[in-house]
Amino acid sequence: MSPSGFLQAVLLVVALGVTVPSLGRYLASVYGAGHTTSLRGDRVFLPVERRLYRWFGVDPAREQRWSGYALSLLAFSTVCFLAVYVLQRMQGVLPFNPTDRGGVSPQGAFNTAVSFVTNTNWQWYSGEQTMSHLTQMVGLTVQNFVSAAAGMAVAIAVIRGIVRAGGSTLGNFWVDLTRTITRVLLPLAAMLALALVSQGVIQNLDGSTAVRPLDGVATGQAEQLIPGGPVASQVAIKQLGSNGGGFFNANSAHPFENPTGLANFLSLWAILALPLALVVAYGVMVGSRREARVLLAVMAAIWLSLSAVTMLSEQHGNAALAELGVDQGMSADQVGGNLEGKEVRAGPATCGLWAGATTGTSNGSVNCMHDSFTALGGLAPMVHMMLGEVSPGGVGVGLMGMLVYALLAVFIAGLMVGRTPEFLGKKVQAAEMKLIVLYIVAMPAALLGFAAAAVLLPSVQAGLQTQDAHGLSEVLYNYASAANNNGSAFAYVNTGTDWYTTTQGIAMLVGRFFLIIPALAIGGSLVRKQRTPVTAGTFPTDTPLFGGLIVGVVVIVAGLTFFPALALGPIVEHHAR
Amino acid sequence: MNGFVRQLRPAAVALAAFTLVCGVAYPLAVTVLAQLVFADEANGSLRSVDGRPVGSELIGQQFESPRYFHPRPSSAGDGYDAGASAGSNLGPNNPALAQAVAERVASYRTINGLSDDVPVPVDAVTSSGSGLDPHISLANARLQAPRVAAARGMEVDDVLVLVEQAVDGRHMFVLGDPGVNVLVLNLLLDEAD
């Protein structure tokens, strides 16, 4: 890895280390005692929020049980799905369509509506060639906000289940949703969007601008159509909210989404900041920074080691090109490495760092094409998703997943010493364990079930790049992405077919709601329990030992589930040369 | 089920309200501010010659004449189609990739008058992620400089000075990776002529 590639990673960790604690404490205050105590910003936000609650017809002071919270989330997701679906189908006859895009097909619109409502932002389509500016703005950008806010709301509700004792309610979904948008996402997105524009990300309301290329006569390209559109506003929230859906097909590899090293760095920060800050907020809410530190250390350890695999493997280059007279070495004059699918301004290390961030969270934006990664370079992000995206995971859902793994870890530790397991004074019993198993099984079932069915279908096989280990990697990666609500792709495969749009749509729904609902139910079950006093026999959950135990649980659960498939895909591919 | 139906009204109103706030007010406010403060960047960093826009500094374009520096291979449409950003997505072991690279290596050496044992910089023979990469590596530019100088009747050293001027370095010395902006460089060449 180049020295600057290494330093860039160090600088990212430092930037996060400086900003995340205060952001986390701010988040805790946003979700904390809520409307009963006064908060910085209340003068601005409270009147707006009160008006919104009145329009919604909800009483902000009335809290919901876990089931009510879940029903609100489901109702909201359903309405969002219908709105985005109808918008895409009708975009051809709706206004603000300067690029003149027609309506989207039923299966395609289904897939995209599910994709953006579930915070996945899987894109079977090419952004600039399929979606009208109206759809991008009032459809997709809006979902980037609300699906992220819904995920954060759920995590907070689960934390309340742990914090409160002998209660019954987990908060009010509409209040948590609204406050996340007004006090967290909108201000951050507006600032980030402007910073991105300063680097060259476009932000206008035009269609394309025709220019006359300098060498047009010789190349026969008499004109080039430079795209326009409200790009920065969408890119900002796509990074902050673990969304990842690009304005353009090439996503953050496109110069208009990610033009400079600084823009790239700001985006990386934005991908990781809120998921990590939520862990800090968790520490504040449970009243123990050490609990949060253990989880942060687990997340950082997994995230950094898997990022390093891709950074190193991509910098090492593609062995298949070495014998063709290609210079892949790193020097003062070139960044070198495997540059197929990568931009010069975001070389192997820059891109490997991003790959780790985007798959460790559920972001899914890419600054280079993952399908062209070396076998090991592609293995790491695939594994990162298969771990359930808990390092640090998507906004809200990542922390939620990590808490489920933590509960599983105390359960296993409890079995080993023969004590009823407890987590922060709450007994973990049969009811919780059943829900945890449901949570753990849902994602792999959707991933492996559909992937297995896919490789048996001749039509799917024919659409793969090659009928070998790499083809299997493509199937695995793409279902891992859908089932984990990630959105990045091994994009050689045309996933616009009816098979893919339908099955991946279902996988995304499973990956969202079959995880969120059990997690809320766990919160609902824990909130009723009284806190048991800490004794000498209590297994401490704020120690490095417990951190190690969580890493072990995460790795073993994913390893037992996915190793056979990975062995036939990227691992065989690596040894094929 | 009852609870679900009762929640549909707040759901619909909330979506409508957030559509106005996040889907209309937010992008419009950002657009207004961006157009006020960073008008050039917000509109695509366009460059003009004699008042006619010739391209965006950030979007690569095709060059084939010997008197211009050439960009990287592109998988966007028929090459540098700014309306169809795309990478090749070819896997590392795909024979199609090896074949394409081998052909590009041969043609790069022919065009630039290099012997068969000169290693070719990897960026010159691989296609970028967007297909619109505006940059090439410094190594790539150095190998093209003699050809460009000859075609223009310039000294190679003078061309190399312009190459250095067109380098976009790392931000704060570590962020991102450096490259030579091809359009900027070719505009500098035309000016110098």
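These numbers were taken from a predicted model, which means no experiment stands behind them.

Draft legend 1. Representation of the overall build of chain B within the structure. When you go through chain B residue by residue, the secondary structure sums to seven helices and six strands. Relative to the 2.2 N^0.38 estimate, which gives 16 Å for 193 residues, the radius of gyration of chain B is 23 Å and therefore markedly larger than a compact globule would have. Referenced to the eigenvectors of the C-alpha coordinate spread, the extents of chain B come out at roughly 80 × 45 × 35 Å. In chain B, of all internal contacts separated by at least 6 residues, the share reaching a separation of at least 24 is 57%. Carbon together with sulfur atoms contributes 58% to the accessible area of chain B, which is approximately 7,800 Å² in total.

Draft legend 2. Geometry of helix H20 (residues 544-575) of chain A. All names here are of chain A. If you check H20, its first and last C-alpha atoms are just 36 Å apart, much less than what 32 residues at 1.5 Å a residue would give, namely 46 Å. Of all the positions in H20, only Phe546, Gly547, Ile550, Val553, Val554, Ala558, Phe562, Ala565, Leu566, Gly569, Pro570 and Glu573 are classed as buried. Against the buried residues of H20 lie helix H11 (289-316), helix H14 (375-386), helix H15 (397-417), strand E4 (422-423), helix H16 (430-456) and helix H18 (469-483).

Draft legend 3. Highlighting the interface of chain A and chain B. Between chain A and chain B, the contact holds 114 residues from the first and 107 residues from the second. For the pair chain A and chain B, the summed buried area comes to about 8,500 Å², and 65% of that belongs to carbon and sulfur atoms. On the chain A side of the interface with chain B, the three residues burying the most area are A:Leu214, A:Glu340 and A:Val344, jointly 9% of the side's total. Our count for the chain A to chain B interface comes out at two salt bridges. Across the salt bridge formed by A:Arg345 and B:Asp133, the nearest N and O atoms sit 3.9 Å from each other. Counting across the chain A and chain B interface gives 47 residue pairs in polar contact (both at pLDDT 80 or more).

Draft legend 4. Helix H4 (residues 106-117) of chain A, seen in detail. Residue and element names in this part refer to chain A. Along its 12 residues, H4 runs 16 Å from first to last C-alpha, staying within 8% of the 16 Å computed at 1.5 Å per residue. Of all the 12 residues making up H4, nine are buried; the element is thus mostly covered by neighbouring parts of the structure. Those residues of H4 that fall on the buried side of the exposure criterion are Gly108, Ala109, Asn111, Thr112, Ala113, Val114, Ser115, Phe116 and Val117. Those residues of H4 that are buried lie in contact with helix H3 (66-90), helix H6 (133-163) and helix H19 (498-527). Positive backbone phi, at 65°, marks Asn119, one or two positions downstream of H4.

Draft legend 5. Representation of the pattern of salt bridges in the model. Residue and element names in this part refer to chain A. Here the structure, examined in full by the defined rule, presents 21 salt bridges over all chains. The residue Glu49 makes a salt bridge to Arg183 at a minimum N-O spacing of 2.7 Å. Here Glu49 is found in helix H2 (residues 42-56), whereas its partner Arg183 is found in helix H7 (residues 173-199), with 134 residues between them in sequence. Grouping residues by exposure puts Glu49 and Arg183 together as buried. Across the pair Arg345 and Glu343 runs a salt bridge, and its minimum N-O distance is 2.8 Å. Residues Arg345 and Glu343 agree in their burial class; the two are buried.

Draft legend 6. Representation of the nonpolar core within the structure. Residues A:Phe76, A:Leu274, A:Phe423 and A:Ile550 are the most contacted members of the largest nonpolar core, which totals 190 residues. By residue number, the principal contributor to this core is helix H10 (residues 261-286) of chain A, which donates 17 residues. Residues from two domains meet in this core; each of domain 1 (2-40) and domain 2 (51-192) of chain B gives at least three. Excluding residues within four positions of it along the chain, A:Phe423 makes contact with A:Ile162, A:Tyr282, A:Leu403, A:Ala406, A:Leu407, A:Val410, A:Val428, A:Thr541 and A:Phe546.

Draft legend 7. Region of interest: the side chain of A:Ser267. Residue and element names in this part refer to chain A. Note that Ser267 resides in helix H10. Given the relative accessible area of 1%, Ser267 is considered buried. With residues up to four places along the chain from it excluded, the contact list for Ser267 reads Leu196, Gln239 and Trp354.

Draft legend 8. Up close: unusual backbone geometry. Residue A:Pro392 is bonded to the preceding A:Ser391 through a cis peptide linkage, with omega at 0°. Relative to the assigned elements, A:Pro392 resides in the loop between H14 and H15. Notably, A:Asn119 is not glycine yet its phi reads approximately 65°, a positive angle. Relative to the assigned elements, A:Asn119 resides in the loop between H4 and helix H5 (127-130). Here A:Asn119 falls in the buried class, since its relative accessible area comes to 2%. Of note, the phi angle at B:Asn89 is positive, near 60°, even though the residue is not glycine. We classify B:Asn89 as buried; its relative accessible area is 8%.

Draft legend 9. Representation of the side chain of A:Ser481 within the structure. Inspection of the secondary structure assignment puts A:Ser481 in helix H18. Excluding residues that lie within four positions of it along the chain, A:Ser481 makes contacts with A:Thr120, A:Trp122, A:Met385, A:Asn486, A:Gly487 and A:Ser488.

Draft legend 10. Up close: the pairing of strand E2 (residues 52-56) of chain B. Residues and elements named next belong to chain B. Inspection of the sheet shows strand E1 (residues 46-49) paired to E2 by four bridges, in the antiparallel sense. Of the residues in E2, the one forming a bridge with Ser48 is Pro53. Hairpin geometry of E1 and E2 is characterised by an intervening segment of two residues between the two adjacent antiparallel strands and by a positive phi of about 55° at Asp50.

Draft legend 11. Inspection of the sheet that holds strand E5 (residues 167-168) of chain B at higher detail. All names here are of chain B. Taken together, the three strands give an open sheet; going across it, the order is E4-E6-E5, and neighbouring strands pair in antiparallel fashion. Both edges of this open sheet fall to strand E4 (135-136) and E5, since each of them pairs with a single strand only. Bridging between E4 and strand E6 (residues 179-181) involves two bridges; their strand directions are antiparallel. Pairing of Ile136 across the sheet is with Val180, part of E6.

So, how was this worked out
Residues numbered from 1 in each chain as written. Chains lettered and ligands numbered in written order. Predicted model: local features only at pLDDT ≥ 70, side-chain atom pairs only at ≥ 80, totals over all residues. Heavy atoms only, no water. Helix = DSSP H or I, 4+ residues; strand = E, 2+ residues; numbered from the N terminus. Rg over C-alpha atoms; globule rule 2.2 N^0.38 Å. Contact = heavy atoms within 4.5 Å. Areas by Shrake-Rupley, 256 points an atom, 1.4 Å probe, with all protein chains shown as cover. Expected span 1.5 Å × (residues − 1). Buried < 20%, exposed > 50% of the residue type's maximum accessible area, 1.4 Å probe, protein only. Buried area = accessible area lost by both parts, 1.4 Å probe. Salt bridge = Lys/Arg side-chain N within 4 Å of Asp/Glu carboxyl O. Polar contact = N/O pair within 3.5 Å; in protein donor to acceptor, adjacent residues only side chain to side chain. Core = buried A, V, L, I, M, F, W, Y, C linked by side-chain atoms within 4.5 Å. Domains from an automatic or database assignment. Pairing = 2+ DSSP bridges.

So yeah, pure geometry; function would need other evidence.
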